[in-house]
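Listed below, chain by chain, are the residues.
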Amino acid sequence: MNKIELAKGVYSVGAVDWNVRDFHGYTTPRGVTYNAFLIVDEKVCLVDTVKAPFAEELMERISQIIDPACIDYIVTNHIEPDHSSALPAILDRAPKATVVITDKGAEGVMKYYQRQANYQVVKEGDFLELGRNKLHFIPLPMLHWPDSMACYLDGEQILFSNDAFGQHYSSTHRFDDENNLNEVLYEAAKYYANILMPFNRLVPKALEKAGRYPIKMIAPSHGVVWRSHIEAILAKYEQWSKGAASNKVIVAYDSMWGATEKMARRILDGLAAAGVQGKLYRLSGADRSEVMWDLLEAKGILIGSSTLNNGMMPTVGAMLLYMKGLRPANKIGAAFGAYGWAGGAQGAMEELLAAAGVDVDKAGLTVKWTANAQELEKCFAFGKEFGQKVLDKV
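Residues numbered from 1 in each chain as written. Predicted model: local features only at pLDDT ≥ 70, side-chain atom pairs only at ≥ 80, totals over all residues. Heavy atoms only, no water.

The name given to the protein chain in an unreviewed UniProt entry is Flavorubredoxin, and the organism recorded there is Anaerospora hongkongensis. Regarding the protein chain, the relevant UniProt record gives this comment under Sequence similarities (unreviewed entry): "In the N-terminal section; belongs to the zinc metallo-hydrolase group 3 family." (UniProt positions renumbered as here; feature names shortened; annotations may be inferred.)

Some points on the nonpolar core
Counting residues in hydrophobic clusters, the biggest one holds 91 residues, and the most contacted among them are L46, F165, Y237, M292, L320 and M323. The dominant element in this core, judged by the number of residues it contributes, is helix α5 (residues 181-196), at 8 residues. Counting only domains with at least three residues in this core, you end up with domain 1 (4-242) and domain 2 (246-392). In this structure, L320 is in contact with I303, M312, M349, L352 and L353, ignoring residues within four places of it in sequence. (Core = buried A, V, L, I, M, F, W, Y, C linked by side-chain atoms within 4.5 Å. Buried < 20%, exposed > 50% of the residue type's maximum accessible area, 1.4 Å probe, protein only. Helix = DSSP H or I, 4+ residues; strand = E, 2+ residues; numbered from the N terminus. Domains from an automatic or database assignment. Contact = heavy atoms within 4.5 Å.)

A few points about the packing of helix α8 (residues 259-274) against helix α12 (residues 373-392)
When two helices pack together, their arrangement is given by the angle between their axes and by how far apart the axes lie. Relative orientation of the contacting elements α8 and α12 amounts to 45°, with a least axis distance of 7 Å. In terms of their interaxial angle, α8 and α12 are classed as oblique. Note that α8 runs across α12; the crossing there is right-handed. Mapping the contact onto sequence places K262, M263, R266, I267, D269, G270, L271, A273 and A274 in α8 and L376, E377, C379, F380, F382, G383, K384, F386, G387, Q388 and L391 in α12. Classifying every residue of the contact of α8 with α12 gives 11 nonpolar, 4 polar and 5 charged. (Axes fitted to C-alpha atoms, helices over the stretch in contact; angles between N-to-C directions. Parallel < 35°, antiparallel > 145°, perpendicular 65-115°, else oblique. Left-handed = near helix turned anticlockwise from the far one by under 90°. Nonpolar A, V, L, I, M, F, W, Y, C, P; charged D, E, K, R; others polar.)

In structure tokens, the structure reads:
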């Protein structure tokens, strides 16, 4: 197998899952990697493992470098199964290894795997003496699980960041500068929007912790290793965590017989007339994780639905419930749509928008049956007025 050395005595030994296309509701058209890193010093340390089906591949990669029985430490930065479910298989081959983990992580690993091992619980400021290197531990609770942490190898100045700075991006090349940077940054933004966005307020503190160390590489547990564009990804995380965005509005809707779609298209014209960028998604065919990627750097969102059974269409409800969990920061929004003999979608959409943390403009727009010429002018004006609010938003 191809042996990949990131720095002196530091190897990438994880696996690439080229074929996975869904990561608990988040689409992954470029696949996923489960990164693990082997540090060979006076002591041998494995940083993270892989998803269980790839355990044998992990063992093969380690075995090319060293006998797995020589592993002294296994650092489990995060117990989610894509990172930890190969741990029992590794312990079978490395029985003397100490599992280094946070207190919350130790609780979770025991519940997941019912496996006795030598667990060493670490906290802020703790480190391991590996030889010429020290490995420092940086707990990051709720980025994005209670057990999450990162660790820093001081000799080679590598930050093993686990889920932070990751991307769902498969490649035969391990470094950012060996891949298409636009693709990598796109996947990093999509990852942030769909995984880390709910924890925006915690990101600045994590960046401050990382900034205490000189960093030559950031090695996340998904995607490529950052070595040439470290400042760029750190700046992006700072921007995203603050909710900084451009003058862009996402128009996301679904329609039964085309009336709401006609409204959406005319609203989009109004946004353009106001001088803001608009993006249109019909939710029956759109990827919601893509919509969230686009919303990450937009100031506003307009949600539209026909009324169905006195409420919104299921596709619109699913999108808003997904948003509610992710809670996009610093957005303004409003609702629109068409109805027949009775309404109901408007209030339901506004309620969920507000529950998602969006600043809702209650001056939404509804039309009975389908818009006539005069009502289409109202749609245009609605889009233009909302666009002006976006331009005025600091």
